[in-house]
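A look at the structure
Listed below, chain by chain, are the residues.
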Amino acid sequence: MALSVVILAAGKSTRFKSQTPKVLHPFGERPLIAASLMLAEQLSEAPPVLVVGEETDAPLRRWASDRARFVYQERRLGTGHAVLQARSLLAETADRVLVLYGDMPLLRLNTLQRLVDLQRAESAAISLLTVIRDISQGFGRVLRDADGRVVGVVEEPEATREQLAIRELNAGIYVFDADFLWNGLPQLRPSPEKGEIYLTDMVELAAQSGHSIADLVVDDSTEVLGINTRVDYAEAISVLRTRINEQWMLAGVTLIDPATTYIGPQVTIGPDTILLPNTHLRGKTAVGEGCEIGPNTLIDQSIIGDRCRVIASTLEHAEMEADSDIGPFSHLRPGAYVCSGAHIGNFAELKNSTLGRDSHMGHFSYLGDTTAGEHVNIGAGTITCNYDGQQKHPTIIEDHTFIGSDSLLIAPVHVGKGAKTGAGSVVTRDVPPYTLVYGVPARPKRQLKDDAPIEDQSESEV
Ligand code: UD1
Ligand code: CA
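Residues numbered from 1 in each chain as written. Chains lettered and ligands numbered in written order. Predicted model: local features only at pLDDT ≥ 70, side-chain atom pairs only at ≥ 80, totals over all residues. Heavy atoms only, no water.

**Here we look at the coordination of the calcium ion (ligand 2)**
On the protein side, the calcium ion (ligand 2) has D103 (OD) and N228 (OD1) as donor atoms, found 2.6 to 2.7 Å from it. With a gap of 125 residues between them, D103 in the loop between β6 (96–101) and α5 (109–121) and N228 in the loop between β11 (213–217) and α9 (230–250) connect regions that are remote in the sequence. The class of D103 is buried, set by a relative accessible area of 13%. (Donors = N, O, S within 2.8 Å, 3.2 Å for Na, K, Ca; no water. Helix = DSSP H or I, 4+ residues; strand = E, 2+ residues; numbered from the N terminus. Buried < 20%, exposed > 50% of the residue type's maximum accessible area, 1.4 Å probe, protein only.)

**Considering the site of ligand 1**
Residues in contact with ligand 1 amount to 22 residues; listed here are only the nearest, G11, Q73, Y101, E155 and N170. A10 is positioned with one of its backbone polar atoms (N or O) 2.9 Å from an oxygen atom of ligand 1. Between G11 and ligand 1, the recorded distance is 2.8 Å, taken from a backbone N or O atom to an oxygen atom. Protein chains shield 89% of the accessible area of ligand 1, which is 760 Å² for the free molecule. Put simply, ligand 1 lies in the largest pocket. At the level of secondary structure, the elements contributing two or more residues to the shell around ligand 1 comprise β1 (3–9), α3 (79–84) and β10 (168–177). Across the shell around ligand 1, the residue classes tally to 9 nonpolar, 9 polar and 4 charged. (Near = heavy atom within 4 Å. Polar contact = N/O pair within 3.5 Å; in protein donor to acceptor, adjacent residues only side chain to side chain. Areas by Shrake-Rupley, 256 points an atom, 1.4 Å probe, with all protein chains shown as cover. 1 Å grid on protein atoms, 1.4 Å probe; cavity = no way out; pocket = protein on both sides within 12 Å on 5 of 7 lines; lining within 4 Å. Sits in = over half its atoms within 2 Å of the grid points. Nonpolar A, V, L, I, M, F, W, Y, C, P; charged D, E, K, R; others polar.)

**Notes on the domain arrangement of the protein chain**
Its domain assignment divides the protein chain into domain 1 (3–224) and domain 2 (237–461). Distance between the C-alpha centres of domain 1 and domain 2: 51 Å. Of the residues lining the interface, 8 residues belong to domain 1; the matching set on domain 2 comes to 9 residues. Between domain 1 and domain 2, roughly 740 Å² of surface is buried when both sides are summed, and carbon and sulfur atoms account for 57% of that area. It is F27, E29 and L106 in domain 1 that bury the most area against domain 2; as a group they hold 61% of the surface buried on that side. Applying the counting rule to domain 1 against domain 2 returns 0 salt bridges. Connecting domain 1 to domain 2 are 3 residue pairs in polar contact (both at pLDDT 80 or more). Class assignment for the residues of the side of domain 1 that touches domain 2 results in 2 nonpolar, 2 polar and 4 charged. (Domains from an automatic or database assignment. Contact = heavy atoms within 4.5 Å. Buried area = accessible area lost by both parts, 1.4 Å probe. Salt bridge = Lys/Arg side-chain N within 4 Å of Asp/Glu carboxyl O.)

**Focus: the pairing of strand β7 (residues 126–132)**
The buried fraction of β7 is high, at 6 of 7 residues. Here β7 pairs with β11 via 5 bridges, running parallel. Paired with I126 across the bridge in β11 is I213. (Pairing = 2+ DSSP bridges.)

**Comments concerning the packing of aromatic side chains**
Per the stated rule, a full pass over the model turns up 4 aromatic pairs. Relative to Y233, the ring of F16 lies with its centre 5.5 Å away and its plane at 75°, an arrangement referred to as edge-to-face. Of this pair, F16 sits in the loop between β1 and β2 (26–27) while Y233 is found in helix α9, placing the two residues 217 residues apart along the sequence. With respect to burial, F16 and Y233 carry one shared label: buried. Residues Y101 and Y174 carry aromatic rings whose centres are separated by 6.2 Å and whose planes lie at 65° to one another, so their mutual orientation is edge-to-face. One end of the pair, Y101, is in strand β6; the other, Y174, is in strand β10, and 73 residues separate them in sequence. Like Y101, the residue Y174 is buried in the burial classification. Every member of this aromatic cluster is reached through a ring pair, and the members are Y101, Y174 and F176. In this structure, K420 packs its charged tip against the face of F402, placed 5.6 Å from the ring centre. (Phe/Tyr/Trp six-rings, centres within 6.5 Å; stacked < 30°, edge-to-face > 60°. Lys NZ or Arg CZ within 6 Å of the ring centre and 35° of its normal.)

This is the structure we're talking about:
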């Protein structure tokens, strides 16, 4: 039996008060509606049908034209009318139709699978998902008869006082027998109060015409949170964050303060890593084992090896090998690569640059378009002047060099192995290996011994 999925997204998002349709606001680093699309793709091989309206038509087509079919609902006459728009597309091909509302991104695949299986097992005209919760505002109430059978759903504007007190709510997710759906929808009449054609009236129609109705009560009420306002949106974001955080805690990651820890859905984290408060991990960031990250840290699309320490710093599109550390208050920009054992202290910035194994860059410095080798010491205030106003130029700093405090390296420039620059040098020409240069502009002053590595010659920075 072929199952097709219809996702309703034609609404005007009036309550969301935004220029951008609510289903395109980000949720877990994707547009909110992506959650429904992904569920649909997991449940059915047929591409889902998106019901779009004036505001959502163009942006949703732009975003999902290759993975969905579209139908346009010209006049927004209600959820029943919206589903009816998909009839011509699906009448011949689908035996069963799962209807999802595009504003419910927290549904779990397992719940939907159970609802689909239930409809099939009971050959029901409708199987609907319900939820029992105290906060009922905005939901349709589920009506049952004396025997406990579902006989209808009443929307808030039409509900009586007694009905409003009902705590079993319509989640807004249904699996329909296709024949029943396409025959029934045209029979629905506009609701007395709002004048909308309610999809929920299909439940009463089924009950009155002697069709069977199956129901499934969802255990976790967060699954059916629908995003109508920005208050709902914030709540949904927080539920998603809690789910992700709990998953990582159960996988062996310590979160000192989950309420201020933000982990994106594509992030991976090794066990025994500790995340301190106000840590944000985004994109395809991968953090190794035994790291300590935070507090006050933002890491986007970066790779962090095992046993690294990142304190109060920002990393974007960067990589740190195992046993390296950075911070507080430093910035790795795209293309920054910090090798194993390297140390970056405070107020440092690396862009498109490598800091080699066991090299140190302790204090306010900038490396741009630079390759620095192993056991290099970048003194305080070192700047690679990589931009001449028109073009970017590379700097190469060989192994075992010592760049004295406040050195300016005017790129393109090459500092040879074991060389040393004196404090305040402006290095405009290549520095030969094992040579001390200083001055403005820097000139060779002394030959350094080949066999004595620079870090042994000078404990403190020049
Ligand atoms: C709906 C249900 C309610 C349920 C609640 C759960 C109806 C009549 N009511 O109410 O029983 O408890 O969801 O969250 O179904 N849409 C269209 N075209 C339209 C109208 C709506 O595509 O003409 C889309 C909206 O974009 C939205 C979805 O349908 O994605 C639901 O519409 P919404 O107005 O949010 O329904 P609720 O009032 O939340
Ligand atoms: Ca809604």
